[in-house]
Structure formats: C-alpha cells, structure tokens
Amino acid sequence: MSTPEPDQGFAEFFRGCLPVVTRTLTALSGDTRVVEDIAQDAMVIARHRWSDIHAYDKPEAWVLKVAIRLMRRWQQRYAQETPLAEVPEVVQPVHEVEALHSALRELSPRHRETVALHHLLGYSVSEIAAVLMVGESTVRTHLTRGRAELRRILGGSDE
C-alpha cells in the first residue's frame, strides 16, 4: 500500500509546521485564545489536501496562507466583540521579541503580515506575494511602510 508514505510525510510536516504557524499567528494577532484553533484548522485542511501540497516547493507557505485567511475571517466575525490587539496594560514586555510582537500587532493587517513573513520567517518578497496573493510591488510597499511604522512605534527615528 502506498498510503503510509504520504501519511508519514504529513506527520513529519505537521510536527515542523504547526509551531511555525502558531508562532506566526500569535505574532500577527496577539489573541492566543484562537491561534491554536486556527492553526489546527489550517493543518486539518492541509491534511485533506496533502496529496496535492506535499509536492509544493514550500508547503508551509500554503498552510500559512490558509491560516492567515482563517484568522482574517475570525477577525471579521468577532472584531466587534473582542478586539484582537487587546493586551493587558499591566504586563510589560520582558523580552525584545515580545516588544516586537506587540508593535507588530499595532500595524495594519497587511503591513503586519508582510513584515512578519519577511522578518520573522525569512520569506522572500516573491514568496510573500504568493502567500498573500498580491503583486511583488505591493509586498515591497507594505514592507517599506510597515518597517517605517515599526520604527515609529518602537521609538526609532523615521526621518
């Protein structure tokens, strides 16, 4: 039987990809209540499509695209009820990474996504364009504006 091979490949992919998707969604949304569910949902979809996506150059990028779409839908559905950028004011960021994640959440969704995919995950402009289904020039624009906004938020000079 040839089914154990794809299943085994997915198990290994799952172990490596789930933490990346979870970290990315956490950095993008800051709402840890739903991140794990959305990441799991994206992985379930990937499992159902594994026969197609296992041959992709970066199947992880496909899963990230699905996860980001699921997160956007969740945000649109529940934005009125629960603000996603809601971070307790009492908790001060202890590490630079937490400060960066907090600053990322202040960016617009597209700036947040492009900056996180590029700087946190190391995706190229063309890979980000494929994940977000936009042109490369759009990605470069979002990166430039997102970086400038991050510098402003983090207290750096933007001039």
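Each remark here, short or long, concerns the structure printed above.
Residues numbered from 1 in each chain as written. Predicted model: local features only at pLDDT ≥ 70, side-chain atom pairs only at ≥ 80, totals over all residues. Heavy atoms only, no water.

Trainee: What is the right way to read the packing of helix α6 (residues 109-120) against helix α8 (residues 136-153) from this model?
Mentor: Think of two packed helices as two axes; the pair is described by the angle between the axes and how far apart they sit. Where α6 contacts α8, the axes come no closer than 8 Å and their chain directions differ by 95°. On the basis of the axis angle, α6 is roughly perpendicular to α8. Contacts between α6 and α8 pair Arg110, His111, Thr114, Val115, His118 and His119 from the former with Val139, His142, Leu143, Arg145, Gly146, Arg147 and Leu150 from the latter. Of the residues contributing to the contact of α6 with α8, the split by class is 4 nonpolar, 6 polar and 3 charged. (Axes fitted to C-alpha atoms, helices over the stretch in contact; angles between N-to-C directions. Helix = DSSP H or I, 4+ residues; strand = E, 2+ residues; numbered from the N terminus. Parallel < 35°, antiparallel > 145°, perpendicular 65-115°, else oblique. Contact = heavy atoms within 4.5 Å. Nonpolar A, V, L, I, M, F, W, Y, C, P; charged D, E, K, R; others polar.)

Trainee: Explain the pattern of salt bridges here, please?
Mentor: Once the charged atoms of two side chains with opposite charge are near each other, the side chains can pair. Applying the stated rule across the entire model yields 6 salt bridges. The salt bridge partner of Asp52 is Arg49, with a shortest N-O separation of 3.6 Å. Judged by relative accessible area, which is 35%, Arg49 ranks as partly exposed. The partner of Glu113 in a salt bridge is Arg110, and the shortest N-O contact between them spans 3.5 Å. One end of the pair, Glu113, and the other, Arg110, are both in helix α6, 3 residues apart, so they sit about a helical turn from each other. Residue class for Arg110 comes out partly exposed when judged on its relative accessible area of 24%. Several salt bridges converge on common partners, so that one network encompasses Arg72, Arg110 and Glu113. (Salt bridge = Lys/Arg side-chain N within 4 Å of Asp/Glu carboxyl O. Buried < 20%, exposed > 50% of the residue type's maximum accessible area, 1.4 Å probe, protein only.)

Trainee: Help me understand the nonpolar core in this model?
Mentor: Buried together is how nonpolar side chains tend to be arranged in soluble globular proteins. Val21, Leu25, Val63 and Leu117 are the most contacted members of the largest nonpolar core, which totals 42 residues. Taken together, the elements giving at least two residues each to this core come down to α1 (4-29), α2 (32-48), α3 (50-53), α4 (59-78), α5 (96-105), α6, α7 (125-132) and α8. Ranked by residues supplied to this core, first place goes to α4 with 10 residues. When residues no more than four places from it in sequence are discounted, the contact partners of Leu117 are Leu64, Ile68, Gly122, Tyr123, Ile128, Val131 and Leu132. (Core = buried A, V, L, I, M, F, W, Y, C linked by side-chain atoms within 4.5 Å.)

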